[in-house]
Amino acid sequence: MSQHALLSVGAKAWRSIPCLRSELRLDLTLGCGQSFRWRETGEGHWTGVMGGRVWTLTQTEDTLWYHVYSNPGNTALINGQKRKAEVGPQHSGKKLKQVSTVKKEEDELDLDAVSSEQDEKAGTLLRDYFQLDVKLGDLYREWSDADQHFSQTAHIFTGVRMLRQDPVECLFSFICSSNNHISRIQGMVERLCNTLGTPLCKLDDTHYHDFPPLQALADSKVEACLRDLGFGYRARFLQQSAHLIMNSHGPDWLYTLRSAPYLQARDALRTLPGVGLKVADCVCLMSLDKSEAVPVDTHVWQIAKRDYNCAAGHGQKTLTDKLYNEIGDFFRKLWGCYAGWAHSVLFCADLKKFQNLKEVAVKEEKKEKIKRLTNRTKKKTVKKEEEEGE
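Below is a summary of the structure that appears in this document. Predicted model, so just to flag it, every value in this text is computed and none were measured.

1. Some thoughts on empty space enclosed by the protein
Summed over the entire model, instances satisfying the criterion amount to 3 cavities of 30 Å³ or more. Val300, Ile303, Phe331, Trp335, His343, Leu346 and Phe347 together form the lining of the second largest cavity. Among the secondary structure elements, those contributing two or more residues to the lining of the second largest cavity are helix H16 (298-308), helix H17 (321-335) and helix H18 (339-349). Among the elements that make up the lining of the second largest cavity, the one with the highest residue count is H18 (3 residues). Of the residues belonging to the lining of the second largest cavity, the class tally is 6 nonpolar, 1 polar and no charged.

2. Structural notes on the pairing of strand E6 (residues 199-203)
Where burial is concerned, most of E6 is hidden: 5 out of the 5 residues are buried. Looking at chain direction, E6 and strand E7 (residues 206-209) are connected through 4 bridges and run antiparallel. Directly across from Lys202, in E7, lies its bridge partner His207. If you look at the hairpin formed by E6 and E7, you'll find 2 residues sitting between the two strands, and Asp204 has a positive phi there, around 55°.

3. Here we look at the packing of helix H8 (residues 167-175) against helix H15 (residues 277-287)
Put simply, H8 and H15 touch, their axes get as near as 9 Å, and they point 150° apart. Of the possible angle classes, the one that applies to H8 and H15 is roughly antiparallel. Every pair of crossing elements has a handedness; the one defined by H8 and H15 is right-handed. Taking contact as the criterion, the partners of Pro167, Cys170, Leu171, Phe174 and Ile175 in H8 are, on H15, Val279, Cys282, Val283, Met286 and Ser287.

4. Side note on the packing of aromatic side chains
Applying the stated criterion to the full structure yields 14 aromatic pairs. With a centroid separation of 6.2 Å and an interplanar angle of 75°, the aromatic rings of Tyr308 and Phe330 are classed as edge-to-face. Here Tyr308, found in helix H16, pairs with Phe330, found in helix H17; they are 22 residues apart in sequence, far enough to count as distant. The buried category is assigned to Tyr308, whose relative accessible area is 14%. Following the ring pairs from residue to residue traces out a cluster consisting of Tyr308, Phe330, Phe331 and Trp335. Sitting above the plane of the Trp301 ring, Lys305 keeps its charged end 4.4 Å from the centroid.

5. So, the pairing of strand E5 (residues 63-68)
For E5, the tally of buried residues reaches 5 of 6 residues, placing the bulk of the element in the interior. Inspection of the sheet shows strand E1 (residues 15-18) paired to E5 by 4 bridges, in the antiparallel sense. Across the sheet, the residue bridging to Ile17 is Leu64, located in E5. Sheet topology places strand E4 (residues 53-60) next to E5; 6 bridges connect them, and they run antiparallel. Its bridge partner lying in E5, Thr58 is registered against Trp65. The loop that links E4 with its antiparallel partner E5 comprises 2 residues.

6. Quick notes on the pattern of salt bridges
This model, assessed by the stated rule, comprises 15 salt bridges. A salt bridge links Asp297 to Lys278; the shortest N-O distance between them is 3.6 Å. Of this pair, Asp297 sits in the loop between H15 and H16 while Lys278 is found in helix H15, placing the two residues 19 residues apart along the sequence. In this structure Lys278 comes out as partly exposed when scored by relative accessible area, which is 32%. The shortest N-O distance in the salt bridge between Arg306 and Asp350 comes to 3.0 Å. Remark: Asp350 occurs in the loop between H18 and helix H19 (355-389) and Arg306 occurs in helix H16; sequence separation between them is 44 residues. Judged by relative accessible area, Arg306 falls into the partly exposed class, the value being 42%.

7. Digging into the nonpolar core
Judged by nonpolar contacts, the single largest core of 84 residues is most densely connected at Phe150, Phe157, Leu171, Phe172 and Leu269. Judged by nonpolar contacts, the second largest core, of 19 residues, contains Leu24, Trp46, Phe130 and Leu163.

8. Description of the sheet that holds E4
Paired through backbone hydrogen bonds, the strands of a sheet run either parallel or antiparallel to each other. Reading across the sheet, the 5 strands line up as E1-E5-E4-E3-E2 and stay open at both edges, with antiparallel pairing between neighbours. Single-partner strands in this sheet number two, and they are E1 and strand E2 (39-42). The average undirected angle you get between the axes of adjacent strands in this sheet is 35°. Across the sheet, helix H5 (residues 116-130) is in contact with E1, strand E3 (45-50), E4 and E5; its angle to E5 comes to roughly 125°.

9. What to know about helix H14 (residues 262-269)
Taken together, the buried positions of H14 are occupied by Tyr262, Ala265, Arg266, Ala268 and Leu269. The buried side chains of H14 occupy one side of the element, clustering within an arc of 160° when seen end-on. Buried residues along H14 sit in contact with helix H13 (253-256), H15 and H17.

Definitions and cut-offs
- Residue numbers restart at each chain and count upward from 1, following the sequence in its written direction.
- Local features in this predicted model are restricted to residues whose pLDDT is 70 or higher, and side-chain atom pairs enter the listing and the counts only when it is 80 or higher, whereas totals over whole chains, interfaces and linings include all residues.
- Only hydrogens and water are set aside; all other atoms, that is, all heavy atoms of the structure, feed into the side-chain values.
- Using a 1 Å grid laid over the protein atoms alone, points where a 1.4 Å probe fits but cannot get out form a cavity; open sets with protein on both sides within 12 Å along at least 5 of 7 lines form a pocket; any residue with an atom within 4 Å of a point counts as lining.
- Grid points are joined across faces, edges and corners, and a volume is the space filled by probe spheres set on the points.
- For helices the rule is a DSSP run of H or I covering at least 4 residues; for strands it is a run of E covering at least 2, with both sets numbered from the N terminus onward.
- Classification convention: Asp, Glu, Lys, Arg as charged; Ala, Val, Leu, Ile, Met, Phe, Trp, Tyr, Cys, Pro as nonpolar; all other residues, Gly among them, as polar.
- Burial here depends on accessible area, computed with a 1.4 Å probe over protein chains only, as a share of the maximum for the residue type. Under 20% is buried, over 50% is exposed, and the range in between is partly exposed.
- Strand pairing requires that DSSP identify at least two bridges connecting the strands.
- Every angle, taken between N-to-C directions, lies between 0 and 180 degrees, and every axis is a line fitted to C-alpha atoms, over only the stretch in contact when it is a helix.
- Roughly parallel here means an angle under 35 degrees, roughly antiparallel means over 145, roughly perpendicular means 65 to 115, and every remaining angle is called oblique.
- Two helices cross in a left-handed way if the nearer one is turned anticlockwise from the farther one by less than a right angle. They cross in a right-handed way if the turn is clockwise.
- Residue contacts are defined here by distance: any two heavy atoms, one from each residue, within 4.5 Å place the two residues in contact.
- Pairing of aromatic side chains requires ring centres within 6.5 Å, counting the rings of Phe and Tyr and the six-membered ring of Trp. Pairs whose planes differ by under 30 degrees are stacked, by over 60 edge-to-face, and all others tilted.
- When the NZ atom of lysine or the CZ atom of arginine is within 6 Å of a ring's centre and also within 35 degrees of its normal, the charge is said to sit over that ring.
- A pairing counts as a salt bridge when a side-chain nitrogen of Lys or Arg comes within 4 Å of a carboxyl oxygen of Asp or Glu.
- Among buried residues, those of type Ala, Val, Leu, Ile, Met, Phe, Trp, Tyr and Cys that are joined through side-chain atoms within 4.5 Å constitute a nonpolar core.
- In this context, the arc is that of the directions from the helix axis out to the C-beta atoms.

Here is the structure:
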């Protein structure tokens, strides 16, 4: 049985990209609820599916390391196209579940290094996924200069980047996010992929599948299948949105929205069942290159009121569309064209799972303060002794 790769075991099977930890922190970027396909499979090692392949990522202070698992028969990384899922109108709900069965020969994949051509394409894909051409340190300095509260948080939560995800995966993952929390969304997305997605490989006891294509999601039997998997009312939104895209726009429609203006793209997404302002903004920010999109929920509304004394919606108890837009405009005016990136840093900093970083920072600051006071006292003592010696 193949196992999840570790950098300390067989480093020759790994490739690397120069990347400072201040420009990318995997734990914060992959764990803050942008994508729901990544899991920490070893200390500091994250495994997930991206570009039709299974990856494990880890990092040192100045290097991003990656391992791509071999998957004979899957050419997604070479030609940029995903394999078609074996789901169609002729398949019953029972057969839909059979798609998740991984063949025995696919379970025994080796941890072979990818070819040089694949390796070059893998590096390009990874740079694009993490948008490494965006200089995060420069943005942090700009935001800190414009925003005192951000400057107090920035040194603790460095390296929070926005992912550039596949628009289909991003859209349907966030349709699952309605009235949900991160761990439950992860479970739903995993069941969705295991049921409708193409099998990729098995590592330890975990089966990995590609995200299902629009054709599979649009099938008329998908809603009943997903309801059986615990998706509730979201099952209808998933199937209907996929069906609407395929029949009214075409399979490439979501990708064309990358070149549309922000508000036009957001309005287009809102025509889909189950897509409100927040989901539309998440898709715009995390897959459609709209860096100014600021997803607002009650959590972000609380940040605006508590940390910025934002007067928008004063006295209101519900987040109306008007209030939503006012909060987004407030942050866009404060942070500029990359407001969505800055918003995600503060969103990440407010998550309970990362509060220990603040506690560690406070302890380190106390230690540093005590050290400075101790050194100051020593210098005064030495100076006094020197004066008395004279």
